[in-house]
Amino acid sequence: MTTLFDDLPLRGLDPARLPTAVPPRTDDDSGWQADRAARADALLEGLNPPQREAVLHHGSPLLIVAGAGSGKTRVLTHRIAHQLATGRVRPSEVLAITFTNKAAAEMRERVADLVGSAARAMWVSTFHSACVRILRREHAAVGLRSSFSIYDAADSQRLITLVTRELDLDTKKFPAKGLASRISALKDELVDPEAYARSGDADDVLASVYARYQDRLRQASAVDFDDLIMRTVQLLQAHPGVAEHYRRRFRSILVDEYQDTNHAQYVLVRELTGHGDVREDAVPRAELTVVGDADQSIYAFRGATIRNILEFEADYPDARTILLEQNYRSTQTILSAANAVISHNPGRKPKRLWTDAGAGAKIVGYVADNEHEEARFVAQEIDRLGDDDGVRPGDVAVFYRTNAQSRALEEVLIRVGLPYKVVGGTRFYERREIKDAVAYLRAIANPDDDVNLRRVLNVPKRGIGDRSEAMLAAFAERERISVGAALERVEEAPGIGSRGVTQLQGFRELMTGLRELAAGGAGPAEVLGAVLDRTGYLAELRASDDPQDASRVENLAELHAVATEFEQAEPDGDLADFLERVSLVADADQIPAEDVADGAAEGGPREDQGVVTLMTLHTAKGLEFPVVFVTGWEDGTFPHMRSLADPDQLAEERRLAYVGLTRARRRLYISRAAVRTAWGAPNEFPASRFLADVPDELVDWRRRESSMAALRAGGSGWGGGASAWGRGGGGYRRDDDGGSVIGSGRPPRRADADRSGGTPPRTARGSSSPKASAPIPTLAVGDRVTHDSYGMGRVVALEGSGPNAVAKVEFGTHGTKRLLLRYSPVTKL
Ligand SMILES: Nc1ncnc2c1ncn2[C@@H]1O[C@H](COP(=O)(O)OP(=O)(O)OP(=O)(O)O)[C@@H](O)[C@H]1O
Ligand SMILES: [Mg+2]
């Protein structure tokens, strides 16, 4: 008899539905038995018949397939709890796999709500973390140190570069990133180097790089991400004793989002459940439950295959399949829109998905002139929903197709003081490629900025080794000059080999050329363009076929767009001005969201309001929010440019649209920008083809494309009128409140919402001139000021004047900040 239920407080269940007093327990206490049955029964309440059936099923493998929001994850969670409550399975015998760490945390929480701290003994994790745990325990069997390292993408690319050099391969012709993603694809298919070399159509270069790469990993006692799965499978296949151990241990294995598993993960599950083991004396097979939705498969580019879900019944002949058809998440309006969009995908099994939640509010549609205006619309609506409907920032999520799109949104949210967090993906200015590019600009603007100079000394790789750098730094120290200055005299520096000197001279010439360009009057955008071009940074990313690098290119395009807008808004601004601007945004960016949510920066009570969540559509999988904004519905943005010519990729984009729309519970917004800027060039984008599939009667178009004519007629092109920089911080500012909130950038929240009464803000064009920045407040040392993000502060120093006036302000817990007053939302008290 198990003592498993010693701590089963069953938190989260309605106590009224549970048997009243919990009787004292002894193993032969029949009251306790009855209680256990009651606990198990309570877990079935609030489930519909097929859900209940799915929770109760036991024995053969179970597949639950259903559309979004039909309770698949909920059933999985209840099924675990029910297995525990009936005593069929112990917590330590549960292995539940979710696709992201966030989803894992959510499931653990949900199960803990149901069964209390006993949940701790379960394994609830991603495939990758589960494999790390197994490999750490079994490290000796696979020849790894117990403290083996896990290489991330950057590490493994570095290693591949070393390997290609060792093999005397031309790293230009065979860039590490391309090789890395091909090796990764092989590992997803469980093809090891030997198997690949034996396969008929192996590419010799790839075969030799792959083999040596694996050797090097082994020597370093390291694994890369894909190895985590592949080597665990190899472990289980090569060591029957180990496999048996885990088959005995995990009696219930559950996989959420099964449509996004790849082949390696599929085999891993089979190995762990023991379904491949046909011996008479094999360990009885574990219970297997998988749930998924073929319409939500969005990771084909990472090797995921919906084959795993479509052929589950063939793979597991005694499998049971349960369909769920009632959606509990969304209103009928939201559901109808999502169903309409997905129904256009070829070759899918039609599904019936319904809800009794009622029609609910219409979807709100908005066509913005450009991405900044789109962002302002989003911010304004969030604010209005807060005022009118009590919607908290934490109830709201904003989705976009690519990480680069978060920039325009973040800027407006910062400006208006709406607390937010970006989930997944580093914040824009913290992204590696953005930091690299900005580091170049800083090193150009300030030759003595050693930190930034050294950051880019060998980025992209140009053969300047650590030793050369160290010798140069030592020389600088001895001469008491900056590394930048030492570089000018590199020929005098002792200890650097002739090759090193040549390389450093090459870097010096590069930097000199770029500085001359900047000194000759080139604007920040041109200088940035030259940096990305002359250093080969962009070419390297473009040559790569790693999807992550494609998004790096997009991010750099965004940064270039920022610089272009800055030039247009500030024709007299130079590189240093631009960098000042960038650091101010980056500064505000770094405020922990909690601070803002706390009200620390607000001076008002903001507790428990949560923060707006920004994320890509991919990251949104499995989540739900009361209010959802899906932005950027343009052909070329979403569906992504890369997918337009390929029917399979287009189908995947459409599934992504389905995932996005079905995250919304009550209110859904869809928006697009008629013009979006990339590479400094504003491009007109047609409406996303997916929008045409959303029935018109479901959408309340607050604003259609009417502004396009005005846009063209305006004639001034992109004079920065719509630029986030040029508007003087007036994220919300409309004509009629201009001047009333000078220097703050924050609208009088309630007043603005009241006045706007749901009508869209007037566009930048035709309202304010591009240079309509807020007047700069006149400050003196000692003045008390308030800043939108940092709260109250005291001016401790002033520098510069006019548009270049900078104030040093002491903000208490936020420390002292240097603020370029022209851009900073500072108000004198
Ligand atoms: N029988 C039910 N009664 C009430 N609410 C339910 C029921 N089943 C599910 N829900 C609720 O519906 C919402 C969606 O459930 P869940 O997240 O489990 O769906 P899902 O099928 O996993 O969705 P997705 O496909 O997006 O992952 C959740 O808020 C869940 O609590
Ligand atoms: Mg789910």
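Predicted model only: the values in this text are computed from it and were never measured.

Caption draft 1: Main features of the overall build of the protein chain. On a plain count of helices and strands, the protein chain comes out with 30 helices and 21 strands. Looking at the protein chain as a whole, 56% of its 829 residues are labelled buried. Across the protein chain, contacts joining residues at least 24 apart in sequence account for 74% of those joining residues at least 6 apart. Roughly 33500 Å² of accessible area belongs to the protein chain as shown, and the carbon and sulfur atoms make up 50% of that amount.

Caption draft 2: A look at helix H23 (residues 524-534). Listed in full, the buried residues belonging to H23 are Pro524, Ala525, Val527, Leu528, Ala530, Val531 and Leu532. Directly after H23, the chain includes glycine 536, whose backbone phi takes a positive value near 85 degrees.

Caption draft 3: The site of ligand 1, seen in detail. As a structural note, the neighbourhood of ligand 1 is formed by 20 residues, with Gln51, Lys72, Thr73, Glu624 and Arg663 the closest of them. Note that an oxygen atom of ligand 1 is positioned 3.2 Å from one of the backbone N or O atoms of serine 70. A distance of 2.8 Å is found between an oxygen atom of ligand 1 and a backbone nitrogen or oxygen belonging to arginine 74. Expressed as a share of its isolated accessible area of 630 Å², the protein-covered part of ligand 1 is 87%. Examining the composition of the shell around ligand 1, we find that three residues originate from one element, helix H3 (residues 72-85), more than from any other. Of the residues contributing to the shell around ligand 1, the split by class is three nonpolar, 10 polar and seven charged.

Caption draft 4: Seen up close, the UniProt feature "binding site: ATP" (unreviewed entry) in the protein chain. According to UniProt, the "binding site: ATP" (unreviewed entry) feature falls on Ala66, Gly67, Ala68, Gly69, Ser70, Gly71, Lys72 and Thr73. Look past the residues within four positions of serine 70 in its chain and what remains in contact with it is Gln51, Leu324, Gln326, Asn327, Tyr328 and Leu353. Here glycine 67 takes part through its backbone oxygen, which lies 2.7 Å from a polar atom of the side chain of serine 70. As for its placement among the helices and strands, lysine 72 is situated in helix H3. In this structure lysine 72 comes out as buried when scored by relative accessible area, which is 9%.

Caption draft 5: The arrangement of a positive patch on the surface in detail. A cluster of basic side chains, namely Arg165, Arg432, Lys461 and Arg499, defines a positive patch on the protein surface. Looking at where arginine 165 falls in the secondary structure, it is placed in helix H6 (residues 153-166). Exposure remark for arginine 165: the relative accessible area of 46% places this residue in the partly exposed category.

Caption draft 6: Quick peek at the nonpolar core. Counting residues in hydrophobic clusters, the biggest one holds 51 residues, and the most contacted among them are Leu441 and Phe507. Residue contributions to this core peak at eight residues, all from helix H18 (residues 432-445). Setting aside chain neighbours within four positions, we find leucine 441 in contact with Val527, Leu528, Val531, Leu575, Phe578 and Leu579.

Caption draft 7: Looking closely at unusual backbone geometry. Valine 459 connects to proline 460 through a cis peptide bond whose omega is -5 degrees. Here proline 460 shows up in the loop between helix H19 (450-456) and helix H20 (466-479). Residue proline 639 follows phenylalanine 638 across a cis peptide bond; omega there is 10 degrees. Among the secondary structure elements, proline 639 is positioned in the loop between strand S13 (625-630) and helix H28 (647-661). Positive phi values are uncommon outside glycine, yet aspartate 168 reaches one of about 60 degrees. A positive phi angle, near 55 degrees, is found at arginine 480, a position not held by glycine. Overall, arginine 480 belongs to the exposed group, its relative accessible area being 76%.

Caption draft 8: Expanded view of the packing of helix H5 (residues 127-137) against helix H12 (residues 263-273). One can describe the packing of H5 onto H12 by two numbers: an axis separation of 12 Å at closest approach and a directional angle of 50 degrees. On the basis of the axis angle, H5 is oblique to H12. The element H5 and its partner H12 pack so that their crossing is left-handed. Contacts between H5 and H12 pair Phe127, Cys131 and Ile134 from the former with Gln265, Leu268, Val269 and Leu272 from the latter. Residues that form the contact of H5 with H12 fall into these classes: six nonpolar, one polar and no charged.

Caption draft 9: Examining the environment of alanine 443 more closely. Tracing the chain through its elements places alanine 443 in helix H18. Alanine 443 gets classed as buried once you look at its relative accessible area, which sits at 0%.

Caption draft 10: Spatial organisation of the side chain of threonine 77. Among the secondary structure elements, threonine 77 is positioned in helix H3. Assessed through its relative accessible area of 1%, threonine 77 is described here as buried. There is a polar contact of 2.8 Å between the side chain of threonine 77 and the backbone oxygen of threonine 73. If near-sequence neighbours (up to four positions away) are discounted, threonine 77 is found in contact with Met107, Arg110, Val111 and Leu114.

Caption draft 11: Quick peek at the side chain of histidine 618. Considering the arrangement of structural elements, one finds histidine 618 in the loop between strand S12 (612-616) and S13. At 3.2 Å, the side chain of histidine 618 and the backbone oxygen of isoleucine 298 are in polar contact. Contacts of histidine 618, omitting those with residues within four sequence positions, involve Ile298, Tyr299, Phe301, Arg401 and Leu656.

Caption draft 12: The arrangement of the environment of glycine 536 in detail. Inspection of the secondary structure assignment puts glycine 536 in the loop between H23 and helix H24 (537-543). For glycine 536, a relative accessible area of 23% puts it in the partly exposed group. Considered as a pair, glycine 536 and valine 459 are 77 residues apart in the sequence and their alpha carbons are 9.3 Å apart.

Caption draft 13: Here's a closer look at the packing of aromatic side chains. Applying the stated criterion across every chain yields a total of 12 aromatic pairs. Relative to phenylalanine 250, the ring of tyrosine 246 has its centre 6.2 Å away and its plane inclined at 25 degrees; by these criteria the two rings are stacked. One exposure class covers both tyrosine 246 and phenylalanine 250, and it is buried. Judged by centre distance (5.1 Å) and plane angle (45 degrees), the ring pair of tryptophan 633 and phenylalanine 638 falls under tilted. Under the relative-accessibility criterion, phenylalanine 638 is labelled buried at 0%.

Conventions and cut-offs
- Residues numbered from 1 in each chain as written.
- Chains lettered and ligands numbered in written order.
- Predicted model: local features only at pLDDT ≥ 70, side-chain atom pairs only at ≥ 80, totals over all residues.
- Heavy atoms only, no water.
- Helix = DSSP H or I, 4+ residues; strand = E, 2+ residues; numbered from the N terminus.
- Buried < 20%, exposed > 50% of the residue type's maximum accessible area, 1.4 Å probe, protein only.
- Contact = heavy atoms within 4.5 Å.
- Areas by Shrake-Rupley, 256 points an atom, 1.4 Å probe, with all protein chains shown as cover.
- Near = heavy atom within 4 Å.
- Polar contact = N/O pair within 3.5 Å; in protein donor to acceptor, adjacent residues only side chain to side chain.
- Nonpolar A, V, L, I, M, F, W, Y, C, P; charged D, E, K, R; others polar.
- UniProt positions renumbered as here; feature names shortened; annotations may be inferred.
- Patch = residues over 30% accessible without salt bridge, like charges linked within 9 Å, V, L, I, M, F, W, Y side chains within 5 Å.
- Salt bridge = Lys/Arg side-chain N within 4 Å of Asp/Glu carboxyl O.
- Lys, Arg positive; Asp, Glu negative; His and termini not counted.
- Charge placed at Lys NZ, Arg CZ, Asp CG, Glu CD.
- Core = buried A, V, L, I, M, F, W, Y, C linked by side-chain atoms within 4.5 Å.
- Axes fitted to C-alpha atoms, helices over the stretch in contact; angles between N-to-C directions.
- Parallel < 35°, antiparallel > 145°, perpendicular 65-115°, else oblique.
- Left-handed = near helix turned anticlockwise from the far one by under 90°.
- Phe/Tyr/Trp six-rings, centres within 6.5 Å; stacked < 30°, edge-to-face > 60°.

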